[in-house]
Amino acid sequence: MKIKRLHEEAILPRYATDGASAFDVFAYERVIWGLHPQGYYVATVPTGWAFEIPHETGLFILSRSGHGFKNNTTLATSVGLLDYDYRGQLMVKLICFDNTPPEILEGQAIAQCALIHTPRCYFMESDDLSITDRGENGFGSTTKSGN
């Protein structure tokens, strides 16, 4: 995948291990946290990279599990998505619900990204849908006894 460096200090994204499903993106400078009026901390972190995402593919931006488990920190958007036709910089907005946000220095991973195939679908209106065992049973129905 082609990527374009937008800042000279930007750190090349990389997979942490051979078995990693997502690659890490990094802060190229120390993260400055701000206190939101509602009492939590926020930081918008530029990655310094723009991506040429393959057609019918989305670049999904995900929280790093260590941030959540160790620092009560996550992505402000829960999950981010870059569409294949976006060519701007990948920005990551973090929120922290602890009294003191974690120190994130240049070179630290701030999020992870996964390429996911997103085929284009076309919609066909219909008066009825195919029958399944689950049918219209909604929230919690798959964990009930007998399912």
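Residues numbered from 1 in each chain as written. Predicted model: local features only at pLDDT ≥ 70, side-chain atom pairs only at ≥ 80, totals over all residues. Heavy atoms only, no water.

Draft legend 1. Up close: the packing of aromatic side chains. Counted under the stated rule, the structure contains three aromatic pairs. Consider the rings of Y15 and F23, whose centres lie 5.7 Å apart with planes at 75°: the pair is edge-to-face. Overall, the relative accessible area of 45% leaves Y15 in the partly exposed class. (Phe/Tyr/Trp six-rings, centres within 6.5 Å; stacked < 30°, edge-to-face > 60°. Buried < 20%, exposed > 50% of the residue type's maximum accessible area, 1.4 Å probe, protein only.)

Draft legend 2. Representation of unusual backbone geometry within the structure. Of note in the backbone geometry, E56 takes a positive phi value of approximately 55° without being a glycine. Looking at the element boundaries, E56 is found in the loop between β4 (41–52) and β5 (57–62). Phi at S78 takes a positive value of approximately 65°, unusual for a residue other than glycine. Within the secondary structure, S78 sits in the loop between β6 (73–75) and β7 (80–82). (Helix = DSSP H or I, 4+ residues; strand = E, 2+ residues; numbered from the N terminus.)

Draft legend 3. Fine view of the pairing of strand β9 (residues 109–117). Here strand β2 (residues 23–26) pairs with β9 via four bridges, running antiparallel. Residue pairing for β9: V25 is matched across the bridge by A111. Bridge count for β5 against β9 is six bridges, and the pairing is antiparallel. Across the sheet, the residue bridging to L62 is Q112, located in β9. (Pairing = 2+ DSSP bridges.)

Draft legend 4. Representation of the nonpolar core within the structure. One finds V25, W33, F51, I61, L90 and V92 to be the most contacted residues of the largest nonpolar core, which totals 25 residues. Of all the secondary structure elements, the ones that give two or more residues to this core are β2, β4, β5, β8 (89–96) and β9. With residues up to four places along the chain from it excluded, the contact list for I61 reads L75, V79, G80, L81, L82, L90, V92, A111, Q112 and C113. (Core = buried A, V, L, I, M, F, W, Y, C linked by side-chain atoms within 4.5 Å. Contact = heavy atoms within 4.5 Å.)

Draft legend 5. Structural context of the pairing of β8. Pairing between β4 and β8: seven bridges, direction antiparallel. Pairing of A43 across the sheet is with L94, part of β8. Bridging between β6 and β8 involves three bridges; their strand directions are antiparallel. Opposite T73, over in β8, you have C96 as the bridge partner.

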